[in-house]
Amino acid sequence: VHFVQEQDVYLAPYWEGKTLDQAERLFLEETLRCVQAHEDFDVLGHLTFISKARAHPSARPVVYEQYSEIIDEILRTLAKKGKGMEMNTSGVDRCGDFLPSEVYFRRFRELGGEIVTVGSDAHTWDRVGQYSDRACEILKNIFGYVCTFENRQPIFHKLP
């Protein structure tokens, strides 16, 4: 999810006239609406994308505990629908953590989530796979595996 109320959350106009809490809450509420309404996806990519937005006033990860009710409903919906969640590594340099952070994946597992992937959101060649080893180590400790897809079917790869 990149757009809320027809505005790109990455850019300043989305943030104008909103507190940090309002901006993040609207983003998460839109994400919840999307995962509830749509079926034609396999994995929710970078759930906390808003954390790395250029216009984000504090450049910090979305705090799970602050929005746990909405986030839990997103995670429950993903698990119930058999959808996955991506640990995106691009936030490490931008806001200091993975998108989303480890606590989200622990909660996803508790709520029945099984499919997890890793992505680097690389827009340049030198960022492909950046921090993927750290992401896999975290997912190994929570799930024991990471998934790839073939013909829209998850393939579970046990992590050594």
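A few points on the structure. (Residues numbered from 1 in each chain as written. Predicted model: local features only at pLDDT ≥ 70, side-chain atom pairs only at ≥ 80, totals over all residues. Heavy atoms only, no water.)

Next up on the list: the environment of D8. Along the chain, D8 turns up in strand β2 (residues 7-8). A relative accessible area of 23% means that D8 is categorised as partly exposed. Residues D8 and I50 lie 42 residues apart in sequence; the distance between their C-alpha atoms is 9.7 Å. In this structure, D8 is in contact with H2, F3 and Y14, ignoring residues within four places of it in sequence. (Helix = DSSP H or I, 4+ residues; strand = E, 2+ residues; numbered from the N terminus. Buried < 20%, exposed > 50% of the residue type's maximum accessible area, 1.4 Å probe, protein only. Contact = heavy atoms within 4.5 Å.)

L28 and I74 are the most contacted members of the largest nonpolar core, which has 43 residues in total. Taken together, the elements giving at least two residues each to this core come down to α1 (12-15), α2 (20-37), α3 (68-81), β4 (84-88), α5 (102-110), α6 (132-142) and β6 (145-150). Look past the residues within four positions of L28 in its chain and what remains in contact with it is L47, V62, Y67, I70, I71 and I74. (Core = buried A, V, L, I, M, F, W, Y, C linked by side-chain atoms within 4.5 Å.)

Most of β4 is tucked away: five of the five residues are buried. Neither face of β4 is left uncovered, since the one carrying G84, E86 and N88 and the one carrying M85 and M87 both have all their residues buried. Note that strand β3 (residues 43-44) and β4 share two bridges and pair parallel. Of the residues in β4, the one forming a bridge with L44 is M85. Of the crossover connections in this fold, the one passing from β3 over α3 to the parallel β4 is right-handed. Strand direction decides the pairing type here: β4 and strand β5 (residues 116-119), joined by four bridges, are parallel. Along β5, the bridge assignment pairs M85 with V116. (Pairing = 2+ DSSP bridges. Right-handed = clockwise from strand over helix to strand, strands pointing away.)

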